[in-house]
Amino acid sequence: MTTTIGATALLASGRYTIFHAGIEVGEERWVVEAAPDGGAVARGEQVLVAPHPLASELSWRASLTPEGRIAALETEWRVGARTVRAEHAAFADRWHARMTYGGHTREQGGDFPSHAEVAFGSHVLQTVMLRR
């Protein structure tokens, strides 16, 4: 992706249906909006129901650079009565993550070179990553 056709070229919204074993089991609704820094902000909500093996609800928000790279990701994943919250952010060539579940918080970080991408369970964000 070049800066002339970067994240701002992806400004859109939509929804798609999710199937498992040929049966409709959920959907994801999403929107990508321009950000003041020339990048974009993508948001989505995904719901999966039985007979999908991972019936759950997922809300996410990603900040994209002008080139379309995911620079930050916030998620909330709910399975039954349990909720996991995660915040991820890149700065320079480093990545930092903080996950919270059941009153416990864990943090980790690592290298994030320019050729690396964030893999996440949303088809929308996978499309952004592959387009870059």
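Before going into details, it helps to say that this report is about the structure given with it.

Reading the values: rules and limits
- Residues numbered from 1 in each chain as written.
- Predicted model: local features only at pLDDT ≥ 70, side-chain atom pairs only at ≥ 80, totals over all residues.
- Heavy atoms only, no water.
- Helix = DSSP H or I, 4+ residues; strand = E, 2+ residues; numbered from the N terminus.
- Rg over C-alpha atoms; globule rule 2.2 N^0.38 Å.
- Buried < 20%, exposed > 50% of the residue type's maximum accessible area, 1.4 Å probe, protein only.
- Contact = heavy atoms within 4.5 Å.
- Pairing = 2+ DSSP bridges.
- Axes fitted to C-alpha atoms, helices over the stretch in contact; angles between N-to-C directions.
- Polar contact = N/O pair within 3.5 Å; in protein donor to acceptor, adjacent residues only side chain to side chain.
- Phe/Tyr/Trp six-rings, centres within 6.5 Å; stacked < 30°, edge-to-face > 60°.
- Arc of directions from axis to C-beta.

With that out of the way, let us pick up the overall build of the chain. Tallying secondary structure elements over the chain gives one helix and eight strands in all. Listing every helix and strand of the chain by position from the N terminus yields β-β-β-β-β-β-β-β-α. Computed over its C-alpha atoms, the radius of gyration of the chain comes to 16 Å, within 12% of the 14 Å expected for a compact globule of 132 residues. Summarising its shape, the C-alpha atoms of the chain cover approximately 40 × 35 × 25 Å along the three principal directions. Out of the 132 residues belonging to the chain, those deemed buried represent 33%. The long-range share in the chain, meaning contacts at least 24 apart out of those at least 6 apart in sequence, stands at 30%.

Turning to the sheet that holds strand S4 (residues 56-64), a few remarks are in order. One open sheet holds the eight strands; their spatial order is S1-S2-S3-S4-S5-S6-S7-S8, and the pairing between them is antiparallel. Because the sheet does not close on itself, it has two edges, and the strands there are strand S1 (12-20) and strand S8 (104-111). Averaged over neighbouring strand pairs, the angle between their axes works out to 10° when direction is ignored. Where strand S6 (residues 82-91) lies against strand S7 (residues 94-101), eight bridges are found, and the strand directions are antiparallel. Its bridge partner lying in S7, Val 84 is registered against Tyr 101. Helix H1 (residues 123-131) contacts S1, strand S2 (23-34), strand S3 (40-48), S4 and strand S5 (70-79) of the sheet and is inclined by roughly 30° relative to S4.

With respect to the helices, strands and loops of the structure, Ser 122 is situated in the loop between S8 and H1. Polar side-chain contacts of Ser 122 include one of 3.1 Å to the side chain of Glu 28. When sequence neighbours within four positions are dropped, the list of residues in contact with Ser 122 reads Tyr 16, Glu 28, Gln 46 and Trp 60.

A word on the packing of aromatic side chains. Within this structure, the stated rule accounts for one aromatic pair. For the ring pair Trp 95 and Phe 112, a centre distance of 4.8 Å and an interplane angle of 50° mean the geometry is tilted. Highlighted residues: Trp 95 in strand S7 and Phe 112 in the loop between S8 and H1, separated in sequence by 17 residues. For the pair Trp 95 and Phe 112, one class covers both residues: buried.

Our next topic: the environment of Gly 102. Here Gly 102 lies in the loop between S7 and S8. Residue classification places Gly 102 among the exposed positions, given a relative accessible area of 60%.

Spacing of three or four residues puts side chains on the same side of an α-helix, whose turn is 3.6 residues. Within H1, burial applies to Val 124, Leu 125 and Val 128. Take H1 and look down its axis: the buried residues cluster within an arc of 95°, on one side only. The exposed residues of H1 that point more than 90 degrees off its buried face are Thr 127 and Leu 130.

Turning next to the pairing of S4. Pairing of S3 with S4, which is carried by nine bridges, proceeds in the antiparallel orientation. Counted as the bridge partner of Arg 43 is Arg 61 from S4. If you look at the hairpin formed by S4 and S5, you'll find five residues sitting between the two strands, and Gly 68 has a positive phi there, around 95°.

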